[in-house]
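# Commentary on secondary and tertiary structure
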Amino acid sequence: MDRTCVNDCVRRVVDGGEPVPKEVVRGRLCGSCLRRLADWLEDIPVDYALLPMVQMSLGSQRMDGTSRTKQTEAPVPGRLDVASLTDRRPSAPLRESGDELWYELEDIPRVLPVIYWWSERLRCDLDPQRTPKRLDDKVTLYAEIRYLLGAFDRLVDAVWVGQAMAEIKVIWVALTRVHGLISGPPVGPCLKAECDGKVFRNRFTGFPECNACHKVYQGLDTLKIQLTEEAATG
Ligand SMILES: [Zn+2]
Ligand SMILES: [Zn+2]
């Protein structure tokens, strides 16, 4: 049995030797992947719930004339992002591959259909009698995420967890990017080890937050980022 992380994660070696494959901690994932997946699943419904506020905020930016341009102006990208992210229709095109039904993940993913695909996949894996159901009006993102977190041990043990993680990451990044669009200039670089994210002030909470790892900064740490940024920009 393969005991290394399904995502081929490796540990860097201090003396410059060959990187060592990370061992599985639970299911098919290493410790870092377990943490990341749980974090993404917890962040996604919050970021998704805040999308209507992004929409409203982009609308008001246009109203006060700060981005007044010619008639031929392109639509505000953030607004298109939000429209795609909140689209409930299944992602198209669907194509059959053996007995699997895969879909193409677009640049801006439709959040609910992608999450639903994997939660329904897990329900069917755990109950072979179940016939897969199509996404209907009763399905909510919150309930689907709660299901995935509740069945986390089974999720991380699924043969397809690597692919699910890749797609959940695309969603998380897209949501983070949309929220990043509206939070003004960066406060500075993220101070967390191995994170190359930028810290922006979250318009809704008021706290600085990393756009990559989502670390929220408070008090002295905020000052530290500002000083790091000033040192870097002179
Ligand atoms: Zn891993
Ligand atoms: Zn970070």
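Here the structure is a predicted model, which is why all the values come from computation and not from measurement. (Residues numbered from 1 in each chain as written. Chains lettered and ligands numbered in written order. Predicted model: local features only at pLDDT ≥ 70, side-chain atom pairs only at ≥ 80, totals over all residues.)

Within the chain, the regular secondary structure consists of eight helices and seven strands. Residues counted as buried form 23% of the 234 residues belonging to the chain. A sequence separation of at least 24 residues applies to 53% of the contacts in the chain between residues at least 6 apart. (Helix = DSSP H or I, 4+ residues; strand = E, 2+ residues; numbered from the N terminus. Buried ≥ 20, exposed ≤ 12 C-beta atoms within 10 Å, placed from the backbone. Contact = placed C-beta atoms within 7 Å.)

For helix 1 (residues 31-49), spanning 19 residues, the distance from its first C-alpha to its last is 28 Å, which sits close to the expected 27 Å at 1.5 Å a residue. Those residues of helix 1 that sit buried are Cys33, Leu37, Trp40, Leu41, Ile44, Pro45 and Asp47. (Expected span 1.5 Å × (residues − 1).)

A separate point is the sheet that holds strand 7 (residues 208-210). Spatially, three strands are ordered 5-6-7 in an open sheet, and the strand pairing comes out antiparallel. The open sheet has two edge strands with one neighbour each: strand 5 (188-189) and strand 7. Examined bridge by bridge, strand 6 (residues 198-201) and strand 7 share three bridges and lie antiparallel to one another. Directly across from Arg201, in strand 7, lies its bridge partner Pro208. (Pairing = 2+ DSSP bridges.)

The interhelical angle for the contact between helix 4 (residues 111-126) and helix 5 (residues 141-150), taken along N-to-C directions, is 40 degrees, at an axis separation of 10 Å. In this view, helix 4 runs oblique relative to helix 5, as classed from their interaxial angle. The way helix 4 lies across helix 5 gives a crossing that is left-handed. Facing Val111, Leu112, Ile115, Tyr116, Ser119 and Leu122 of helix 4, the residues of helix 5 in contact are Leu141, Glu144, Ile145, Tyr147 and Leu148. Looking at side-chain class alone, the contact of helix 4 with helix 5 contains nine nonpolar, one polar and one charged residues. (Axes fitted to C-alpha atoms, helices over the stretch in contact; angles between N-to-C directions. Parallel < 35°, antiparallel > 145°, perpendicular 65-115°, else oblique. Left-handed = near helix turned anticlockwise from the far one by under 90°. Nonpolar A, V, L, I, M, F, W, Y, C, P; charged D, E, K, R; others polar.)

A few words now on the packing of helix 1 against helix 5. Packing of helix 1 against helix 5 leaves a shortest axis separation of 10 Å and a crossing angle of 175 degrees. Considered as vectors, helix 1 and helix 5 are oriented roughly antiparallel to each other. Each of Leu41, Ile44, Pro45 and Tyr48 in helix 1 lies in contact with helix 5, whose residues at this interface are Leu141, Tyr142, Ile145, Leu148 and Leu149. Split by residue class, the contact of helix 1 with helix 5 holds nine nonpolar, no polar and no charged.

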